[in-house]
Amino acid sequence: MPSCIFRVAFVTSGSLPNPLKSKRFRGTSCKPTMTTPGIARVGVAVFLIQKETRQILLGHRLSKHGNNTLGLPGGFLEYQEEFEECAQREVWEETGLRIDQHEVQVLDVINAVFPKSESEGRPAPHSVTVFTTVNYDQRKHGDPKVMEPDKCKEWVWISWEDLCSKENLFLPLDRF
């Protein structure tokens, strides 16, 4: 079990403690993972929607979590990061596309508790995913590139109709 477990408890004074300022956490790398016991991570997923064709950008995932599924660009929210900032950062890190955080709109939030069968002996992952959208314009944003080849095989554009008929979607997207 990791030495850093983030459980926020309400203090009777009404304020929330900051676990990163606690002596217990100083000098340690306290970044919970998808399978840290008792932790639900907050993810941000981005629907990049082409203005002309209304197609959506999906990646073929290669990571150990959701391997061989199709997923949106996105990732985990960092401490004190806004949803729009996370969407901007993750799209840049994964696709090389520069979007402005003011272009990002929040669509919906889902709760995704992954099946134990996907956890390979680890605690079952649990994430809360914030879905966002950005209107993509190739002339303004450029073409997506695979920036993390160990996590994504390729980026493909797909219609909403085709997306709805796919069976190999990453669980949060499948639950959307």
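This is a predicted model, so every value here is computed, not measured.

### Brief notes about the overall build of the protein
Step number 1: A tally of regular secondary structure across the protein gives four helices and seven strands.
Step number 2: In the protein, the order of α-helices and β-strands from amino to carboxyl end is β-β-β-β-α-β-β-α-β-α-α.
Step number 3: Looking at the 176 residues of the protein, the share that counts as buried comes to 41%.
Step number 4: Counting contacts in the protein only where the partners sit at least 6 residues apart, residues at least 24 apart contribute 66% of the total.
Step number 5: Of the roughly 10,500 Å² of accessible surface on the protein, a fraction of 51% belongs to carbon and sulfur atoms.

### Topic: the side chain of Asp-137
Step number 1: Topologically, Asp-137 is positioned in the loop between strand E6 (126-136) and helix H2 (138-141).
Step number 2: A polar side-chain atom of Asp-137 sits 3.1 Å from the main-chain amide nitrogen of Arg-139.
Step number 3: Once you skip the residues sitting within four places of it in the chain, Asp-137 turns out to touch Lys-51, Glu-52 and Gly-142.

### Some thoughts on the nonpolar core
Step number 1: If you look at the biggest cluster of nonpolar residues, it comprises 17 residues, and the most contacted ones within it are Phe-47, Ile-56, Leu-58, Leu-72, Phe-131, Leu-163 and Leu-173.
Step number 2: Within the residue set of this core, elements represented by two or more residues are strand E1 (41-50), strand E2 (56-61), strand E5 (105-113) and helix H4 (171-175).
Step number 3: Core analysis: the next-biggest nonpolar cluster, separate from the first, contains 15 residues, Ala-87, Val-104, Val-134 and Cys-152 among them.

### Digging into unusual backbone geometry
Step number 1: At Arg-54, a residue that is not glycine, the phi angle is positive and equals roughly 65°.
Step number 2: Position of Arg-54 among the secondary structure elements: in the loop between E1 and E2.
Step number 3: Here Asn-68, not a glycine, exhibits a phi torsion of approximately 65°, which is positive.
Step number 4: Residue placement: Asn-68 occurs in the loop between E2 and strand E3 (70-71).

### As for the environment of Leu-169
Step number 1: You can see Leu-169 is positioned in the loop between helix H3 (160-165) and H4.
Step number 2: C-alpha separation for the pair Leu-169 and Asn-68, spaced 101 residues apart in sequence, amounts to 8.7 Å.

### As for the confidence of the model for the protein
Step number 1: Per-residue confidence for the protein gives a mean pLDDT of 80, with 75% of residues at or over 70.
Step number 2: The secondary-structure element of the protein with the lowest mean pLDDT is H4, recorded at 87, while helix H1 (residues 83-95) shows the highest, at 97.
Step number 3: Segment residues 1-29 is flagged for pLDDT under 50; beyond a separation of four residues in sequence, or across chains, it makes 30 contacts in the model.

### Description of the packing of aromatic side chains
Step number 1: Evaluated as defined, the whole model comprises five aromatic pairs.
Step number 2: When the centroid spacing of 5.9 Å and the interplanar angle of 35° are considered together, the rings of Phe-47 and Phe-131 count as tilted. Pair noted here: Phe-47 is in strand E1 and Phe-131 is in strand E6, with a separation of 84 residues, a long-range link.
Step number 3: With centroids separated by 4.7 Å and ring planes inclined at 40°, the aromatic side chains of Tyr-136 and Trp-157 adopt a geometry described as tilted. Placement of Tyr-136 in strand E6 and of Trp-157 in strand E7 (residues 152-158) is noted, with a sequence separation of 21 residues between them.
Step number 4: Residue classification places Tyr-136 among the buried residues on the basis of a relative accessible area of 2%.
Step number 5: Across from the ring centre of Phe-76, 4.0 Å away, lies the NZ or CZ of Arg-41, which sits over that ring.

### Here's the deal with the pattern of salt bridges
Step number 1: Tallied over the entire structure, the rule returns eight salt bridges.
Step number 2: With a shortest N-O distance of 3.9 Å, Glu-148 and Lys-151 are connected by a salt bridge.

What counts, and where the lines are drawn
- Residues numbered from 1 in each chain as written.
- Predicted model: local features only at pLDDT ≥ 70, side-chain atom pairs only at ≥ 80, totals over all residues.
- Heavy atoms only, no water.
- Helix = DSSP H or I, 4+ residues; strand = E, 2+ residues; numbered from the N terminus.
- Buried < 20%, exposed > 50% of the residue type's maximum accessible area, 1.4 Å probe, protein only.
- Contact = heavy atoms within 4.5 Å.
- Areas by Shrake-Rupley, 256 points an atom, 1.4 Å probe, with all protein chains shown as cover.
- Polar contact = N/O pair within 3.5 Å; in protein donor to acceptor, adjacent residues only side chain to side chain.
- Core = buried A, V, L, I, M, F, W, Y, C linked by side-chain atoms within 4.5 Å.
- pLDDT = per-residue confidence, 0-100.
- Phe/Tyr/Trp six-rings, centres within 6.5 Å; stacked < 30°, edge-to-face > 60°.
- Lys NZ or Arg CZ within 6 Å of the ring centre and 35° of its normal.
- Salt bridge = Lys/Arg side-chain N within 4 Å of Asp/Glu carboxyl O.

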